[in-house]
Amino acid sequence: MKHLAPLRIVVALLAGALFGFGLSLSGMLDPARVLGFLNLASGHWDPSLTFVLGGAVLVAVPGVMLQRRLRRPLLDDTFHLPEKTEIDGRLVAGSALFGAGWGLAGFCPGPAVSALSLGLFPVFLFVAAMAAGMMLHDRVLAGMLPR
């Protein structure tokens, strides 16, 4: 499979570009729109991103069904799926932190990285803080937290 490495890079770049284009087209790069979707109690709820989520499900479900029928992926020796499947305190805490950050900033990691293309300072600040938080977790907190 080593001979397929360049092709894997090209496919990853194309998939990332398609994902970023989809995020841009759907309005997910606009934090105000995302916050309008997340703010159900305001009386000014923006349901438009429901269609984005529905579209994601319509793409993901057939993809997962196909993956389950295949012995291996086309460009790799094995599927790289999570081994841990139980819900524990770390997962719940991480999900809560993710949700709080999404609700406060209007960005999650994928749209934030895509929004870098807009060249706006708040986006750069968010991505820098996100990267710092990821490095802090990996370098410091991961060893301190119970498994």
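None of these values were measured; they are calculated from a predicted model.

**Student:** Can you walk me through the packing of aromatic side chains in this structure?
**Tutor:** The description of an aromatic ring pair rests on the distance of the ring centres and on the angle between the ring planes. Under the counting rule described, the total for this entry stands at three aromatic pairs. Measuring from centroid to centroid gives 6.2 Å for F98 and W102, while their planes differ by 40 degrees, and the two rings are tilted. Placement of the pair is F98 and W102 together in helix α4 (residues 89-105), with a separation of four residues, close to one helical turn. Judged by its relative accessible area of 41%, F98 falls in the partly exposed class.

**Student:** Quick question: what am I supposed to make of the pattern of salt bridges here?
**Tutor:** A side chain of one charge can pair with a side chain of the opposite charge when the charged atoms of the two come close. Inspection of the entire model under this criterion finds three salt bridges. Measuring nitrogen to oxygen at the nearest pair gives 3.8 Å for the salt bridge that ties R8 to D76. With R8 in helix α1 (residues 5-26) and D76 in the loop between α3 (49-69) and α4, this residue pair connects regions lying 68 residues apart in the sequence.

**Student:** Before we go on, may I ask you to explain the packing of helix α2 (residues 31-38) against α3 in this structure?
**Tutor:** Axis angle and axis distance: for two packed helices, these are the angle between their axes and the distance between the axes, and together they describe the pair. Taken N-terminus to C-terminus, the directions of α2 and α3 make an angle of 90 degrees; their axes are 10 Å apart at the nearest point. Judged by the angle between their axes, α2 and α3 are roughly perpendicular. Contact residues: R33, V34 and F37 in α2; L49, T50 and L53 in α3. Tallied by class, the residues present in the contact of α2 with α3 amount to four nonpolar, one polar and one charged.

**Student:** How should the packing of α2 against α4 be read in this particular structure?
**Tutor:** Where α2 meets α4, the axes come as close as 8 Å, and the angle between the chain directions of the two elements is 120 degrees. In terms of axis orientation, α2 runs oblique to α4. Of the residues in α4, those in contact with P31, V34, L35 and L38 of α2 are W102, G103, L104 and A105. The residue inventory of the contact of α2 with α4, partitioned by class, reads seven nonpolar, one polar and no charged.

**Student:** Help me out: how do you make sense of the side chain of S26 in this one?
**Tutor:** Tracing the backbone shows S26 in helix α1. A relative accessible area of 16% places S26 in the buried class.

Parameters at a glance
Residues numbered from 1 in each chain as written. Predicted model: local features only at pLDDT ≥ 70, side-chain atom pairs only at ≥ 80, totals over all residues. Heavy atoms only, no water. Phe/Tyr/Trp six-rings, centres within 6.5 Å; stacked < 30°, edge-to-face > 60°. Helix = DSSP H or I, 4+ residues; strand = E, 2+ residues; numbered from the N terminus. Buried < 20%, exposed > 50% of the residue type's maximum accessible area, 1.4 Å probe, protein only. Salt bridge = Lys/Arg side-chain N within 4 Å of Asp/Glu carboxyl O. Axes fitted to C-alpha atoms, helices over the stretch in contact; angles between N-to-C directions. Parallel < 35°, antiparallel > 145°, perpendicular 65-115°, else oblique. Contact = heavy atoms within 4.5 Å. Nonpolar A, V, L, I, M, F, W, Y, C, P; charged D, E, K, R; others polar.

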